[in-house]
Amino acid sequence: MTEIRRIGGRIGAEITGADPNAVPYDELNGLLLEHKALVFRDAGLDEDGQIRFASRFGDLTRAHPTLPPVDDRPDILPVDAEEGIRSNHWHTDVTFIRTPPAVSTLRALVVPPYGGNTLIANAAAAYRDLPEPLREFADRLWAVHSNAHDYILPRGDGDAADSYRRTFTSKRYKTAHPVVRVHPETGERGLFIGGFAERIVDLSAGESRDILRILQSYVTRPENLLRVVWNPGDVVVFDNRVTQHYAPDDYGDLPRVLHRVTVAGDVPAGVTGERSRIVEGDDAAHYTPAA
């Protein structure tokens with residue numbers, strides 16, 4: 001029997017007893033737009049099933065603009081702690097390109113006996129929390145996102161971390177996005193920042209850090225967060241257009257392996273309708289059909 005249960009006051013629903021590929025699309029998409037993140041417990045999906053599930057939301061991207069995929073599966077990114085991939089920075093996936101993914105899916109293969117959770121934040125609720133003068137200020141701001149910014153600073157100085165950093169930045173991308181993005185389906189406004197946002201357009205580095213720190217503090221308020229405690233076989237899908245996520249590095253050297261598949265997204269638009277623009281690099285056509 002299928003059960004749908006809210007698991008956060010502002011974000012998240014848990015679904016049990018359902019094959020993610022059997023839920024009617026309109027219902028599935030409606031739940032995602034409402035809750036921002038859905039947790040399917042013991043989903044029973046293999047690699048092909050995860051690909052089918054993600055494809056229900058639209059055309060898929062490749063695994064990543066610079067990182068290698070799972071062998072022979074060009075659409076699947078391995079998120080493997082032993083390979084130096086520890087996403088312990090708040091971020092929205094791949095915002096350094098002009099057309100970031102619309103939806104991200106994660107499937108748990110190996111999880112540690114403690115720690116290794118994933119936190120997901122509701123960036124639309126964060127925008128609504130802003131005092132009115134700060135909302136009006138944020139509406140006018142643009143930020144440059146880069147794949148060579150804070151997100152790729154590794155844990156430790158090991159060979160795996162250094163190799164990961166070099167691969168991640170093997171091609172440089174910079175894109176100017178609106179700090180406040182209008183969701184293309186719901187019309188909600190959300191703070192579109194996170195770990196790839198390195199500076200505010202037309203402001204100094206110091207001014208940018210201070211403003212981004214203030215805005216980011218609203219995203220990561222406890223009331224805006226969902227904590228996903230993984231079990232092997234769980235699948236999580238989240239709306240990458242209006243969330244950020246973070247994987248706390250709190251499980252030592254224990255193995256943790258997830259597989260990520262992402263859905264191609266559109267060009268973000270700000271409150272005036274102006275759309276994101278490339279600052280450095282190209283349109284990442286090798287990565288996303290949205291280009």
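Residues numbered from 1 in each chain as written. Predicted model: local features only at pLDDT ≥ 70, side-chain atom pairs only at ≥ 80, totals over all residues. Heavy atoms only, no water.

- Under an unreviewed UniProt entry, the name given to the chain is Putative dioxygenase, and the organism recorded is Actinomadura rubteroloni.
- Checking UniProt for the chain, the heading Sequence similarities (unreviewed entry) contains the comment "Belongs to the TfdA dioxygenase family."
- The UniProt entry for the chain carries the following comment under Cofactor (unreviewed entry): "Fe(2+)". (UniProt positions renumbered as here; feature names shortened; annotations may be inferred.)

**Considering the side chain of H35**
Here comes step 1: Structurally, the position occupied by H35 is in helix α1 (residues 25-35).
Here comes step 2: Using a relative accessible area of 7% as the deciding quantity, one classes H35 as buried.
Here comes step 3: With residues near it in sequence (within four places) discarded, H35 still touches R6, I11, G12 and A13. (Helix = DSSP H or I, 4+ residues; strand = E, 2+ residues; numbered from the N terminus. Buried < 20%, exposed > 50% of the residue type's maximum accessible area, 1.4 Å probe, protein only. Contact = heavy atoms within 4.5 Å.)

**Structural notes on the sheet that holds strand β14 (residues 243-246)**
Here comes step 1: Sheet architecture is open: 3 strands sit in the order β12-β6-β14, paired in antiparallel fashion. The open sheet terminates on both sides in strands that have one partner only, identified here as β12 (225-228) and β14. Adjacent strand axes in the sheet meet at a mean angle of 20°, parallel and antiparallel pairs treated alike. (Pairing = 2+ DSSP bridges. Axes fitted to C-alpha atoms, helices over the stretch in contact; angles between N-to-C directions.)

**Things to note about the pattern of salt bridges**
Here comes step 1: Counted by the stated rule, this structure contains 18 salt bridges.
Here comes step 2: Residues E14 and R5 are paired through a salt bridge, measuring 3.0 Å at the closest nitrogen-oxygen approach.
Here comes step 3: With relative accessibility at 14%, the residue E14 sits in the buried group.
Here comes step 4: Judged by its relative accessible area of 39%, R5 is partly exposed.
Here comes step 5: In this structure, a network of salt bridges that share partners links the residues R5, E14, R41 and D234. (Salt bridge = Lys/Arg side-chain N within 4 Å of Asp/Glu carboxyl O.)

**Quick notes on the packing of aromatic side chains**
Here comes step 1: All told, the structure shown has 8 aromatic pairs when counted by the stated rule.
Here comes step 2: For the pair F96 and F168, a centre-to-centre distance of 5.9 Å together with 65° between the ring planes defines the contact as edge-to-face. Of this pair, F96 sits in the loop between β4 (77-80) and β5 (103-110) while F168 is found in helix α5 (residues 159-168), placing the two residues 72 residues apart along the sequence.
Here comes step 3: Site record: aromatic cluster; members linked through ring pairs are Y25, F40, F53 and F57.
Here comes step 4: Sitting above the plane of the F192 ring, R181 keeps its charged end 5.0 Å from the centroid.
Here comes step 5: The positively charged end of R277 is found above the aromatic ring belonging to W142, 5.0 Å away from the centroid. (Phe/Tyr/Trp six-rings, centres within 6.5 Å; stacked < 30°, edge-to-face > 60°. Lys NZ or Arg CZ within 6 Å of the ring centre and 35° of its normal.)

**Examining the environment of T220**
Here comes step 1: Mapped onto the secondary structure, T220 falls in the loop between α6 (205-219) and β12.
Here comes step 2: Exposure remark for T220: the relative accessible area of 24% places this residue in the partly exposed category.
Here comes step 3: Each C-alpha atom of the pair T220 and N122 lies 8.4 Å from the other, and the pair is 98 residues apart in sequence.
Here comes step 4: Non-local contacts of T220, meaning those with residues more than four positions away in its chain, are made with W90 and L225.

**Comments concerning the sheet that holds strand β13 (residues 235-239)**
Across a sheet, strands are paired by hydrogen bonds formed along the backbone, either parallel or antiparallel in direction.
Here comes step 1: An order of β1-β2-β3-β13-β5-β15-β4 is seen for the 7 strands of this open sheet, with the pairing classed as mixed. Pairing within the sheet leaves two strands with one partner each, and these edge strands are β1 (3-6) and β4. Strand-to-strand, the axes of this sheet are offset by a mean angle of 20°, without reference to chain direction.
Here comes step 2: The pairing of β4 with strand β15 (residues 257-263) spans 4 bridges and is antiparallel. Within β15, the position partnered with D80 by the bridge is V257.
Here comes step 3: Across the face of the sheet, α1 comes into contact with β1, β2 (13-16), β3 (37-40), β5 and β13 while running at roughly 120° to β3.
Here comes step 4: Against the sheet, helix α2 (residues 47-55) contacts β3, β5, β13 and β15, and its axis sits at roughly 30° relative to β15.

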